[in-house]
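Given next are the chains, with one letter for each unit.
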Amino acid sequence: MISLLMLPFSFMTFKGLFGLLSVICLLLSLFALGINSNHPSNFFKEKYSFLIILCLSATVLSLLLTQSIRGDISAASYDGPVRLLAALPILIAIYKHRINFPKLLSLVIPLALLGILIFAKLGTHTYGERLTNHYLDPIFWGNFSIIFGFMSFASIQSQDHLLLKIYKLSGLALGISMSLMSQSRAGWVAAIIMALVWLILNRKKLTFKKVTAGVMILIITLITFYYFIDSFKIRIDTAIAEFMQWQTNSQTPTSTGIRLTMWKMTAHLFSQSPWIGYGEFSTLPVTKDPYILSFADTESIMTIQCCGPHNEVAAQTLRSGIFGISALLATYMIPIYIFIRSRVSQSTLMGMMLCTGVFICGFLTEMLSLKISYTFYAILTSGLIATTLWQKKSFHE
């Protein structure tokens, strides 16, 4: 239990500690599954059990299939995706022992965010004014900070004491502040979507006036940030200017322009090999394709070969073609489907913030490109799904 509670803090502070805690969680889950073996979890009798297993194994299966067809099996490719599948015992253990994972998580997130912020402030600032820690770039750091913040906000329940509500709201405030400090634009886009998703999911509990007020608060907040926070305004203005510059077919590389050029290259490469993709990014035939060379600058070509197209959908398209896209959709959409099909609760709201936030951020960067992010998403999603299922079962008993 302590290992689970320390995961949010260790994820964005001590990489080695997070890995150790993840292994401990897995081992304890395997041990917990053996306790009361005369009383099985009945997880595999759940109507969503097949979908959950598909969700956690889809990426591994897509890689295995496409690599087998291409004849370029690489064990290193599975190091991240297999962590999704490894989270299945954790999910079943939480389901079997009816652990209220989101309740525990909601009590940890605000304090974890405060610790993460202090840790980053005391660390070496390798990205100038953009705040992060020593091993995550500001994009990841800012994206997960704001996702944490909205998960904290989504955990607020009507029966919570006033001080507890304020504590959880402080998690949202910290997440937004840390996202602004990181200057990660993907997180800002995700924040808007997460806020709208929260309003939609709570529409039956809220009056029309409250929904309207919520939308107005969101709009006013964005306007206020734009006019009174210089870093926010500069980042937005820069993105717009770089987009306009890219449309003029300028060969001057910019952050936004490189992304757009890589996405254009991805669309062309997908049309050439739509089913099985190309495998590793370093093997992409971008330097020999006349069409790509007609519009792509050198830096864009080097970036896509080195780091991928900075878009999760595009990255999976290049790796495994249509099978990769299908696996990616299964990874995100199956949990979202389970949450939507269940009654609105703390676990479903927090789960929707997590899955929606990571998925939206993935359109501007590859969120599951790191082993540590695979592990984190797998454990949190599994815990929230497990709680959603056993609470739903208890509700109907």
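Residues numbered from 1 in each chain as written. Predicted model: local features only at pLDDT ≥ 70, side-chain atom pairs only at ≥ 80, totals over all residues. Heavy atoms only, no water.

Since the α-helix turns once every 3.6 residues, residues separated by three or four places project in the same direction. An ideal rise of 1.5 Å per residue puts 24 Å on 17 residues; helix H9 (residues 185-201) measures up with 25 Å between its terminal C-alpha atoms. Taken together, the buried positions of H9 are Arg 185, Ala 186, Gly 187, Trp 188, Ala 190, Ala 191, Met 194, Ala 195, Val 197, Trp 198 and Leu 199. Looking at the buried residues of H9, the elements they touch are helix H7 (138-154), helix H8 (162-182), helix H10 (208-228), helix H11 (230-247), helix H12 (255-272) and helix H16 (346-361). (Helix = DSSP H or I, 4+ residues; strand = E, 2+ residues; numbered from the N terminus. Expected span 1.5 Å × (residues − 1). Buried < 20%, exposed > 50% of the residue type's maximum accessible area, 1.4 Å probe, protein only. Contact = heavy atoms within 4.5 Å.)

Turning our eyes to something else, we now look at the packing of H7 against H8. H8 packs onto H7 with a crossing angle of 160° between their chain directions and a minimal axis gap of 7 Å. It follows that H7 is roughly antiparallel to H8 by the angle criterion. Here H7 and H8 pass one another in a crossing that is left-handed. On the side of H7, the interface is formed by Pro 138, Trp 141, Gly 142, Ser 145, Ile 146, Gly 149, Phe 150, Ser 152 and Phe 153, while H8 contributes Lys 168, Leu 169, Gly 171, Leu 172, Gly 175, Ile 176, Met 178, Ser 179 and Ser 182. (Axes fitted to C-alpha atoms, helices over the stretch in contact; angles between N-to-C directions. Parallel < 35°, antiparallel > 145°, perpendicular 65-115°, else oblique. Left-handed = near helix turned anticlockwise from the far one by under 90°.)

Judged by nonpolar contacts, the single largest core of 83 residues is most densely connected at Ile 52, Phe 144, Ile 147, Phe 148, Met 151 and Met 353. Here this core takes twelve residues from helix H17 (residues 371-396), the largest share from any one element. When neighbours within four sequence positions are excluded, Met 353 is seen to be in contact with Ile 147, Phe 150, Met 151, Ala 154, Met 194, Val 197 and Trp 198. Ranked by size, the runner-up nonpolar core spans 15 residues in total, among them Ile 258, Val 286, Ile 301 and Ala 315. (Core = buried A, V, L, I, M, F, W, Y, C linked by side-chain atoms within 4.5 Å.)

Glancing now at the environment of Ala 241. Its place among the elements puts Ala 241 in helix H11. Measuring from C-alpha to C-alpha, the distance between Ala 241 and Thr 256 comes to 9.1 Å, with 15 residues separating the pair along the chain.

This part takes up H11. In this model, H11 (18 residues) spans 26 Å end to end at C-alpha, consistent with the 26 Å of a helix rising 1.5 Å per residue. For H11, the complete set of buried residues consists of Phe 232, Arg 235 and Glu 242. In a view along the axis of H11, the buried residues occupy a sector of 105°, so they form one face of it. Away from its buried face, by an angle of more than 90 degrees, H11 presents the exposed residues Asp 230 and Ile 234. Contacts made by the buried residues of H11 are with H8, H9, H10 and H12. Following H11 by one or two positions, Asn 249 adopts a phi angle in the positive range, close to 65°. (Arc of directions from axis to C-beta.)

So, about the side chain of Thr 381. Locating Thr 381 in the fold gives a position in helix H17. At 2.7 Å, the side chain of Thr 381 and the backbone oxygen of Tyr 377 are in polar contact. In contact with Thr 381, not counting residues within four places along its chain, are Pro 335, Leu 354 and Cys 355. (Polar contact = N/O pair within 3.5 Å; in protein donor to acceptor, adjacent residues only side chain to side chain.)

Side chains of Met 216, Ile 219, Ile 220, Ile 223, Tyr 227 and Phe 228 sit close together on the surface and give an oily, nonpolar patch of about 670 Å² of accessible area. Along the polypeptide, Ile 223 turns up in helix H10. Looking at Ile 223, the relative accessible area reads 44%, which means it is partly exposed. (Patch = residues over 30% accessible without salt bridge, like charges linked within 9 Å, V, L, I, M, F, W, Y side chains within 5 Å. Areas by Shrake-Rupley, 256 points an atom, 1.4 Å probe, with all protein chains shown as cover. Salt bridge = Lys/Arg side-chain N within 4 Å of Asp/Glu carboxyl O.)

In short, shape yes, function no, at least from these values alone.
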